[in-house]
Amino acid sequence: MTWVLIALLVVPLVGALVVTFLRKDDSKAKLVALAFSLVELVLAVLLWTAYKPGGDRIQLAAGVDWIAAFGVRLSFGIDGIALVMIAVIALLIPLVIGAGWTEKLPAGRSQGGYLALILVQEAVTVAVFAATDVFLFYVLFEVMLIPMYFLIGGYGGARRQYAAVKFFLYSFLGGLIMLASAIGAYAMASDELGKGTFDWATLVKVVSDADATTQTWLFLGFFLAFAIKAPLVPFHTWLPDAAAEAPIGVTVIVVGILDKVGTFGMLRYLLPMFPTASKNLAPLVLVLAVAGVLYGSLLATGQRDMKRFLAYVSIAHFGFIALGIFSFTSQAGVGSVSYMLNHSISTGMLILVIGMVIARGGSSQISDYGGMSKVAPLLAGMLLISGLTTLSLPGTNSFVSEFLVLIGSFPTQPVYTILATVGMVLAALYVLWLYQRMMTGPLRGDALVSAAAGPGAVGDPEKKTAIGDLSKREIAVLAPLVAIVLALGFFPQPVLDVITPTVGATLTEVGVTDPVSVQEGK
Amino acid sequence: MTEPVAASGIASLAWLLLALPAFGAAVLLVGGKRTDKWGHLLGCATILGAFGYGLALFFSTVGIENPEQRVQNLHLFDWVHINALTVDFGLRLDPLSLTFVLLITGVGSLIHIYSIGYMAHEEGRRKFFAYLNLFVAAMLLLVLGNGFVTLYFGWEGVGLASYLLIGWYQYKPEAASAAKKAFLMNRVGDLGLAIAIFLMFNRLGTTQYTEVFSRVKEFSSAEILAITLLLLLGACGKSGQFPLQAWLPDAMAGPTPVSALIHAATMVTAGVYLIARSHPIYDLSADGRLVVMIIGGVTLLIGCIIGCAYDDFKKVLAYSTVSQIGYMILAVGLGPVGYALGIMHLLTHGFFKAGLFLGAGSVMHGMNDEGNIRRMGGLAKYLPITFVTWTLGYLALIGIPPFAGYFSKDAIIAAAFTGEGWRGYVFGGVALLGAGLTAFYMTRLLILVFLGQPRWKELKSDDGREYHPHESPLTMTIPMIILAVGSVGGGWFLSSGGRLSGWLEPSLGELKEEHGVLSHGMVGILTVVLAVLGAAIAFLLFGRGTQPVERPERVSFPVRAARADLYGNALNEALFARPGTWLTRALVFLDLKGVDGLVNGTAALLGGSSGRLRRLQTGFVRSYALSMLLGSIFVLGALLVVRFS
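Residues numbered from 1 in each chain as written. Chains lettered and ligands numbered in written order. Predicted model: local features only at pLDDT ≥ 70, side-chain atom pairs only at ≥ 80, totals over all residues.

Engineer: Please explain the overall build of chain A as it appears in this structure.
Structural biologist: Helices and strands together make up the secondary structure of chain A, namely 21 helices and 2 strands. For chain A, the C-alpha radius of gyration of 22 Å lies close to 24 Å, the compact-globule estimate for 522 residues. A principal-axis box enclosing the C-alpha atoms of chain A has dimensions of 75 × 55 × 40 Å. Looking at chain A as a whole, 66% of its 522 residues qualify as buried. Contacts in chain A between residues far apart in sequence, at least 24 positions, make up 79% of those at least 6 positions apart. (Helix = DSSP H or I, 4+ residues; strand = E, 2+ residues; numbered from the N terminus. Rg over C-alpha atoms; globule rule 2.2 N^0.38 Å. Buried ≥ 20, exposed ≤ 12 C-beta atoms within 10 Å, placed from the backbone. Contact = placed C-beta atoms within 7 Å.)

Engineer: When you look at the overall build of chain B in this model, what are you seeing that I'm missing?
Structural biologist: Each helix and strand counted, chain B has 25 helices and 3 strands in total. Its C-alpha radius of gyration of 28 Å places chain B within 12% of the 26 Å reference for a compact globule of 645 residues. When its C-alpha atoms are laid out on the principal axes, chain B stretches across 100 × 65 × 55 Å. The proportion of buried residues among the 645 residues of chain B is 57%.

Engineer: Could you clarify how one ought to interpret the interface of chain A and chain B in this entry?
Structural biologist: For an interface, size is often stated in terms of accessible area lost upon the parts coming together. The partner chain B presents 55 residues to the 65 residues of chain A that form the contact. Every element with two or more residues in the side of chain A that touches chain B is listed here: α6 (145-155), α7 (160-193), α13 (275-302), α15 (330-361), α17 (397-409), α18 (414-439) and α21 (493-510) of chain A. Looking at which element gives the most residues to the side of chain A that touches chain B, the answer is α7(A), with 11 residues. In the side of chain A that touches chain B, the residues fall into 40 nonpolar, 20 polar and 5 charged. (Nonpolar A, V, L, I, M, F, W, Y, C, P; charged D, E, K, R; others polar.)

Engineer: Can you walk me through the packing of helix α16 (residues 377-390) of chain A against α18(A) in this structure?
Structural biologist: Any two packed helices are characterised by how steeply their axes cross, that is the angle between the axes, and by the distance between the axes. Residue and element names in this part refer to chain A. α18 packs onto α16 with a crossing angle of 170 degrees between their chain directions and a minimal axis gap of 9 Å. On the basis of their axis angle, the class for α16 and α18 is roughly antiparallel. Two secondary-structure elements touch here, α16 through Ala380, Leu383, Leu384, Gly387 and Thr390 and α18 through Ala427, Val431, Leu434, Tyr435 and Met439. Its residues assigned to classes, the contact of α16 with α18 comprises 8 nonpolar, 2 polar and no charged. (Axes fitted to C-alpha atoms, helices over the stretch in contact; angles between N-to-C directions. Parallel < 35°, antiparallel > 145°, perpendicular 65-115°, else oblique.)

Engineer: In this structure, what is going on with the sheet that holds strand β2 (residues 72-82) of chain B? I would like to understand it.
Structural biologist: Within a sheet, adjacent strands bond to each other through the backbone by hydrogen bonds, running parallel or antiparallel. All names here are of chain B. In spatial order, the strands read β1-β2-β3; together these 3 strands make up an open sheet with mixed pairing. Each edge of the sheet is formed by a strand with only one pairing partner; in this case those strands are β1 (5-6) and β3 (85-93). As defined by bridge partners, β1 adjoins β2 across 2 bridges and the pair is classed as parallel. Residue pairing across strands places Val5 opposite Gln72, the latter belonging to β2. (Pairing = 2+ DSSP bridges.)

Engineer: Mind showing me how you'd approach the confidence of the model for chain A here?
Structural biologist: Parts of the model with low pLDDT should not have their predicted coordinates read in detail. Across chain A, the average pLDDT comes to 89, with 95% of residues at or above 70. Ignoring residues within four places in sequence, the model shows residues 452-465 of chain A, a span with pLDDT below 50, making 23 contacts including any to other chains. (pLDDT = per-residue confidence, 0-100.)

Engineer: Teacher, can you tell me more about helix α2 (residues 26-50) of chain A here?
Structural biologist: Since one α-helical turn is 3.6 residues long, residues separated by three or four positions face the same way. All names here are of chain A. Helix length check: α2, at 25 residues, gives a terminal C-alpha distance of 36 Å against a target of 36 Å (1.5 Å per residue), a fit within 8%. The set of residues buried in α2 consists of Ala29, Lys30, Ala33, Phe36, Ser37, Glu40, Leu43, Ala44 and Leu47. Those residues of α2 that are buried are in contact with α1 (2-20), α3 (80-99) and α4 (111-130). (Expected span 1.5 Å × (residues − 1).)

Engineer: What exactly am I supposed to notice about the confidence of the model for chain B here?
Structural biologist: Residue-level pLDDT values for chain B average 87, and 93% of them are 70 or greater. Our summary of model confidence lists the complex with pTM equal to 0.91 and ipTM equal to 0.92.

Engineer: What's the story with the environment of B:Ser320 in this structure? I'm lost.
Structural biologist: Residues and elements named next belong to chain B. By secondary structure assignment, the location of Ser320 is in helix α14 (residues 313-333). When the 26 C-beta atoms within 10 Å are taken as the criterion, Ser320 is described as buried. Ignoring sequence-local partners within four residues, the contact set of Ser320 consists of Gly303, Gly307, Thr438 and Met442.

Engineer: Quick question: what am I supposed to make of the packing of helix α14 (residues 306-325) of chain A against α18(A) here?
Structural biologist: All names here are of chain A. Running from N to C, α14 and α18 point in directions that differ by 160 degrees, and their axes come no closer than 11 Å. Relative to α18, the element α14 lies roughly antiparallel. For the pair α14 and α18, the crossing hand works out as left-handed. Residues Phe309, Val313, Ala316, Gly319, Phe320 and Leu323 of α14 form the contact with α18, whose participating residues are Tyr416, Ala420, Gly423, Tyr430 and Leu434. (Left-handed = near helix turned anticlockwise from the far one by under 90°.)

Engineer: Could you clarify how one ought to interpret the pairing of strand β2 (residues 72-78) of chain A in this entry?
Structural biologist: The two faces of the sheet receive side chains in turn, since in a regular strand these alternate between them. β2(A) sits mainly inside the fold: 6 of its 7 residues count as buried. Counted between consecutive antiparallel strands, the loop separating strand β1 (residues 59-67) of chain A from β2(A) contains 4 residues, among which A:Gly71 sits at a positive phi close to 65 degrees.

Engineer: Sorry if this is basic, but what is going on with helix α20 (residues 472-490) of chain A here?
Structural biologist: Residue and element names in this part refer to chain A. Taking 1.5 Å of rise per residue, 19 residues should cover 27 Å, and α20 covers 27 Å from first to last C-alpha, within 8% of that figure. Remark: the principal bend of α20, roughly 25 degrees, maps to Leu478, with a proline, Pro480, within the next four residues. Three or more residues of α20 are buried, namely Glu474, Val477, Leu478, Leu481, Val485, Leu488 and Gly489. Of the surrounding secondary structure, the elements contacted by the buried residues of α20 are α3, α15, α16, α17 and α21. (Bend = angle between axes of the 7 residues up to and from the residue.)

Engineer: Help me understand unusual backbone geometry in this model?
Structural biologist: Glycine aside, the phi torsion of most residues is negative, and most peptide linkages are trans. Looking along the chain, the bond that leaves A:Val233 and enters A:Pro234 is cis, with omega of 5 degrees. Among the secondary structure elements, A:Pro234 is positioned in the loop between α9 (212-229) and α10 (238-245). Cis geometry marks the peptide bond from B:Pro401 to B:Pro402; its omega dihedral reads 5 degrees. For A:Ser392, which is not glycine, the phi dihedral falls at a positive 60 degrees. Tracing the sequence through the fold places A:Ser392 in the loop between α16 and α17. Even without glycine at this site, B:Asp369 takes up a positive phi of about 60 degrees. Structurally, B:Asp369 can be placed in the loop between α15 (339-366) and α16 (384-398). Owing to 13 C-beta atoms within 10 Å, B:Asp369 belongs among the partly exposed residues under this scheme.

The following block contains the structure:
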């Protein structure tokens, strides 16, 4: 079944190539791109069935030599964490394409070009999660920026150039420092083995035995790259700009998927390769994590722009993920990985819904809306559902992750956990306040009222307005997400079963055991 | 502690209790407008079905001879299982949860039926029934769940339903604000519940009732105290207890059936349930229970005092609820002498307070949705059924024998006198004082609404219509009549021969009887005397029924303070809301100018000159991006060469 993984890398690239030739015909380009993304989704399902939880550490592995002189290989394979991330990418891309079906692109841009970039982005992102060669990972980590750079810079809002450059430079810089660390690890391996290699499994064995000082320096190089990517406070300022300027589908990819590479990197590279440093530097990461939860939540409350709001919500959520990773218990670790998955789903849904609001009102300012539930009750309901999963209501997918992160972190890090739990209250505040401002009260707000009844008009809730409720296409985009949100909220165990062995293996590599053991308690 | 046995027979179908209302809610929400015609009937049918099943289950449990066998566990599925952490999603069917099932589905059925008439003119009535169904499902999960996590599911689920229903008239800004406030203040309480759960897992590796309660001795005393206080915080949020009481009166912005079901009879009493359910933990901590009693005592007085000053029909009843739940919290804080008493008052209160709210709804329904009692008066002859049923509920609430409230409240007051030394006098005295005040403000309400001069005759409602008060349709009056019957006979029925406390014994342990500083008989007499006194003073003050329609503004300080909710909201505003707003603004500024400024500044520095950065931002960026990539590969190559040559 190794072919499935290879096919997952190739299919979107082929799709991108085909779509490039359809730049003249927007509707055909959309159909073809959607078809390819659906094939990718089917492949992801196949990959899920091919993966054996509790089997080999890395499964479905395949590879060829690339730069033989440096022992660099094009090698791919997945563990449980990579699997869920690949699956969620494959799930979101068709929805992104569906949601953007009628979106107007900037003048002179074609759907063909836009969708080709989206598909390339999909392929590269899948590859980042599947890479098992550290050098390959680095290259893909940087290459991943290129389609995104063009997506933001070419199709975004007014300050798109600024946001694109900032995004690119920031991530790129982080990547370069990571490269230095990777080379350091390579050097250690070549000293020890007599032959250089970037193979992940080999580097884990070699580097994890290194002394604390070496580990600390190498750790910091990787950590900076991941902390920027994730993003952790204070390395976060690129995200609000990128999220705000990107077209809405691209915001889904940036906020919902790309930044997971950061936390994925922590689990795959930081913890196994630098176990001593991970333990020693955990307090540093935990401080940043909890700061992120509280800082991100408060800033989300204070935002006036919906897309920037989304970015700060995510910053808060990444704080939870980092807390779970660096608490070193299996429950918290599984919580973090499922948080990565669930954040993609629930925040992805929230972004798509907000995109539908913006498509109606033509503005991303919160104050331009009000009382929409009267004219678009379904849309309001969807905003509420995506909001409730964002604030981790029990019964939704996100509750599972937040609960696991917190209950798992408490035994080792009670103080940080209690501080992070305050984020629960703040989440209720920023979500429900947003809903209240946009959806309740009398119909009001410039964008909405003028769209409904012409400029300068005062909204009349009784009058038929131009603001329509969700279309069939929009319902088709959101309905699967609602179903997944509830299904994973009540029956999370099948997914947790996939994640748990990989997290267990990672913690073994770190050399920690759960403080709360089976049956006995502590 | 009675160990549960695996559910069998009819009990193995107990998931139906959750599935029926959840199914109703799902059909109504997904079906949308297509269900407009019959949605309300489906809503009622699912709840009645659940009630029918609940009755069958109840009688089959009563039929089990050995009380030890009356605690059953129904495993549904493992919600989460990761190494040491297993969360079993299952139901605990025992006397305590079954009592709640009957209360929730019974009162729930009546209120569903009442809502058919009350919401008849409301657009989207089916959605209202969907939310009500959702509430019932969540509330049943709350009381039936077999562990603290399943309880938490239901706990936040009812919070959601409450949020949706308070905000039912969401085009009114105050309703939307009240809904958000309720959810937020509840979440503050949930914080306590969540951390208590973490503590349990940390020490015992489990959060299921059976294991936690049987191994409760493994906690250190500090942990026990922490857990009792954290659970109390959760209870305060959900049950509108001090200092988290401010959301409940605002919640009256929701439709009246919601106020009756959620914000009087069931959801707001969940805090009492939580403490009674966790009694093995509270049994171990006298200090924890003392704090519970203090919270209960303080809240019951706050509720009474504010209730005396309000002019809004439903808000007076809301503060009355706050105060009556204060009694229940006080009762469960008393420990083994009070757990069952708290539950008994919860049940009788469920009946008479739901009836009082439905009566208020009936009055407002007939009065153009007017809620200001100063604009009422003399309504008894226009709404005779409402008047009679409401008065029966009123007599029950103020504790006149032989009505329901007398039995349950008197028992709590007598038990409050039992503590050692000063405790008995203080808590007993507070509870007695509360009884007098309750009679006062409820009598004021009775007079201003139903008796005296019809002050509304010369007035028009806000929407410019004249008032034409009229009796409500049968779908509304029949539930009121049934609840009135419960308000009359419920207390005697539950208390005679220790019927309820005996039934609850497998869940709550034996109801201990202790002799207080005052004898039970003495307390009974004092309670009635104070109630009559309170009512008499109200009659003397308001009996002529010629209150001014506009409320007088030049009033004494106590009245002003009570009208301002004893400054609870002002305090919240000053302590949390305003500092929070300022902090947020400061952080937004810091983030933009400070953190991001630093980033851009560094970028400019690295770029060599700001001019170069400006060029980056305005053009040539694509080529720059590519050159960066090429550059990095060059750097990489150079590094490798340097290192390995």
